[in-house]
Amino acid sequence: PIIPDYLAEVLGQVEPDASGKPAADNPQLAAADPERLGAAFATVDGQLHGAGDIDVPFTIQSISKPFAYALALADRGFGPVLAKVGVEPSGEAFNEISLEDGTGRPLNPMINAGAITVHSLVAEAGSGPAERVRRVLDGLSAFAGRQLDMDEKVCASEMEHAHRNLAIGHMLRSHDILTEDVGAVVDGYTRQCSVLVTTRDLAMMAATLANRGVNPLSGEQVVPEGVVRQVLSVMFSCGMYDAAGDWTTQVGIPAKSGVAGGLIGALPGRIGIATFSPRLDGHGNSVRGVSLFERFSSDMGLHVMDVP
Ligand code: GLN
């Protein structure tokens, strides 16, 4: 088994690296087992290869952002979404309190300001908080190809410590980017971040992006192909926050990280990749996850600018 052997070998190489720390945003996240380590590849024809802790559940956190963005684009169309959320790399931290001069729009959907706004734009116009949360949960499940659930404990803990996201929400409300109850939108966004996934799920979700929006196992067209192009483009330029430039040059795969330690990459027409390791670097990206992707990219020539 060439691929599992390769994965196990590379995991063994990054395993001793104990640098970084699990997210301390709230007590539930801080309590994560820092030693967990897993990696999985899912091909666009539905084969999955993994090694390590690929069936351990953890919260999706910011990796939900590109998928919720896809759902909002599919539900509302490009015009209404782009009117409220830009597509410019911010070069700032994920939770930076900043909006575009003049318009008040969040710069992109991968930082919290943009993702909170995107959450308000899922499901058809006029939907309430419960319908938006249901749409996100059903949509993320369709990307994964199985029914997903939420971690109520992580969600409750995060809501108790959500002052910064609430502050971002109120700022968005003051610019009429959000036009409804800020608490309900931030609560819904926090629920979105609390969806439980495994490394295996994330690889399949990434493979759905790599496969023009069609889940390789279920065959379901989850979102239109044009939406996937938009989402992958934004992941490529903005998915790793203020480390996006380093990532794009060194790894060269559209990607997204989350504070629980997950990391995904999607290579159009080829594979979805996911890794899990909770210790984070100063940007909030998984330390060993970044090392794994650097290895995968160079060993297998996955950089999108490389001639295959
Ligand atoms: N739920 C986290 C937040 O909103 C997600 C951040 C992340 O994964 N980078 O702060």
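Conventions used here
- Residues numbered from 1 in each chain as written.
- Predicted model: local features only at pLDDT ≥ 70, side-chain atom pairs only at ≥ 80, totals over all residues.
- UniProt positions renumbered as here; feature names shortened; annotations may be inferred.
- Pairing = 2+ DSSP bridges.
- Helix = DSSP H or I, 4+ residues; strand = E, 2+ residues; numbered from the N terminus.
- Axes fitted to C-alpha atoms, helices over the stretch in contact; angles between N-to-C directions.
- Contact = placed C-beta atoms within 7 Å.
- Near = placed C-beta within 6 Å.
- Domains from an automatic or database assignment.
- Core = buried A, V, L, I, M, F, W, Y, C linked by C-beta atoms within 7 Å.
- Buried ≥ 20, exposed ≤ 12 C-beta atoms within 10 Å, placed from the backbone.
- Expected span 1.5 Å × (residues − 1).
- Nonpolar A, V, L, I, M, F, W, Y, C, P; charged D, E, K, R; others polar.
- Arc of directions from axis to C-beta.
- Parallel < 35°, antiparallel > 145°, perpendicular 65-115°, else oblique.
- Left-handed = near helix turned anticlockwise from the far one by under 90°.

- An unreviewed UniProt entry annotates the chain as Glutaminase originating from Streptomyces durocortorensis.
- The UniProt entry for the chain carries the following text under Sequence similarities (unreviewed entry): "Belongs to the glutaminase family."
- Per UniProt, the chain has the following entry under Subunit (unreviewed entry): "Homotetramer."

Considerations on the sheet that holds strand β2 (residues 48-52)
Item 1. If you trace the 5 strands from one edge of the open sheet to the other, you get β2-β1-β7-β6-β5, paired in antiparallel fashion. At either margin of the open sheet sits one strand with a lone partner, and together these are β2 and β5 (255-257). Put simply, the sheet's adjacent strands are angled 10° from each other on average, direction ignored.
Item 2. With 6 bridges connecting them, strand β6 (residues 262-267) and strand β7 (residues 271-276) associate as antiparallel partners. Bridged to L267 within β7 is I271.
Item 3. Lying on the sheet, helix α1 (residues 2-14) is in contact with β1 (38-43) and β2; it crosses β2 at an angle near 30°.
Item 4. Sheet strands in contact with helix α13 (residues 287-300) are β1, β5, β6 and β7, and its direction is about 145° off that of β7.

Let's talk about the site of the ligand
Item 1. Lining the immediate environment of the ligand, one finds D25, Q61, S62, F94, N95, N112, E158, N165, C193, G258, V259 and G284.
Item 2. The residues that make up the shell around the ligand include at least three from each of domain 1 (2-60 + 197-300) and domain 2 (62-193).

A closer look at the nonpolar core
Item 1. Within the largest apolar cluster, 98 residues are counted, with the highest numbers of intra-cluster contacts made by A70, A203, A206 and I264.
Item 2. Each of domain 1 (2-60 + 197-300) and domain 2 (62-193) contributes no fewer than three residues to this core.

Re helix α10 (residues 199-210)
Item 1. Over its 12 residues, α10 extends 16 Å from the first C-alpha to the last, a length consistent with the 16 Å expected when each residue adds 1.5 Å.
Item 2. For α10, a buried count of 12 out of 12 residues is recorded, marking the element as mostly surrounded by other parts of the structure.
Item 3. If you check which residues of α10 are buried, you get T199, R200, D201, L202, A203, M204, M205, A206, A207, T208, L209 and A210.
Item 4. Residue R212 follows α10 closely and has a positive phi angle near 60°.

What to know about the domain arrangement of the chain
Item 1. Domain boundaries in the chain define domain 1 (2-60 + 197-300) and domain 2 (62-193).
Item 2. Each of domain 1 and domain 2 was reduced to a C-alpha centroid, and the two centroids are 21 Å apart.
Item 3. In this assembly, 39 residues from domain 1 lie in contact with 35 residues from domain 2.
Item 4. Contributing elements (two or more residues each) for the side of domain 1 that touches domain 2: α2 (27-30), α10, α11 (225-238), β5 and β6.
Item 5. The greatest single-element share of the side of domain 1 that touches domain 2, amounting to 8 residues, is contributed by α11.
Item 6. Partitioning the side of domain 1 that touches domain 2 into residue classes produces 21 nonpolar, 13 polar and 5 charged.

Structural notes on helix α7 (residues 152-160)
Item 1. Listing the buried residues of α7 in full gives V154, C155, S157 and E158. Projected down its long axis, α7 shows its buried positions confined to an angular sector of 165°, all on one face. Opposite the buried face of α7, at more than 90 degrees from it, the exposed residues are E152 and E160.
Item 2. For α7, the elements touching its buried residues are α2, β3 (58-59) and α9 (182-193).

Describing the pairing of β7
Item 1. In terms of residue burial, β7 counts as a mostly covered element, since 6 of its 6 residues are buried.
Item 2. Burial of the side chains of β7 extends over both faces: I271, I273 and T275 are buried on one face and G272, A274 and F276 on the other.
Item 3. Bridge count between β1 and β7: 6 bridges; the pairing is antiparallel. Each bridged residue has a counterpart across the sheet, and for A39 the counterpart in β7 is T275.

Some words on the pairing of β1
Item 1. Of all 6 residues making up β1, 5 are buried, and the element is well covered by its neighbours.
Item 2. Across 5 bridges, β1 lies against β2 in antiparallel orientation. Each bridged residue has a counterpart across the sheet, and for A42 the counterpart in β2 is L48.
Item 3. Hairpin geometry of β1 and β2 is characterised by an intervening segment of 4 residues between the two adjacent antiparallel strands and by a positive phi of about 90° at G46.

As for the packing of helix α3 (residues 64-76) against helix α5 (residues 112-119)
Item 1. Where α3 contacts α5, the axes come no closer than 9 Å and their chain directions differ by 40°. Between α3 and α5, the crossing angle belongs to the class labelled oblique. Once α3 is placed against α5, the crossing between them reads as left-handed. Packed against α3, whose contacting residues are K65, A68, Y69 and A72, the element α5 presents A115, V118 and H119 at the interface.
Item 2. Considered class by class, the residues forming the contact of α3 with α5 number 5 nonpolar, 1 polar and 1 charged.

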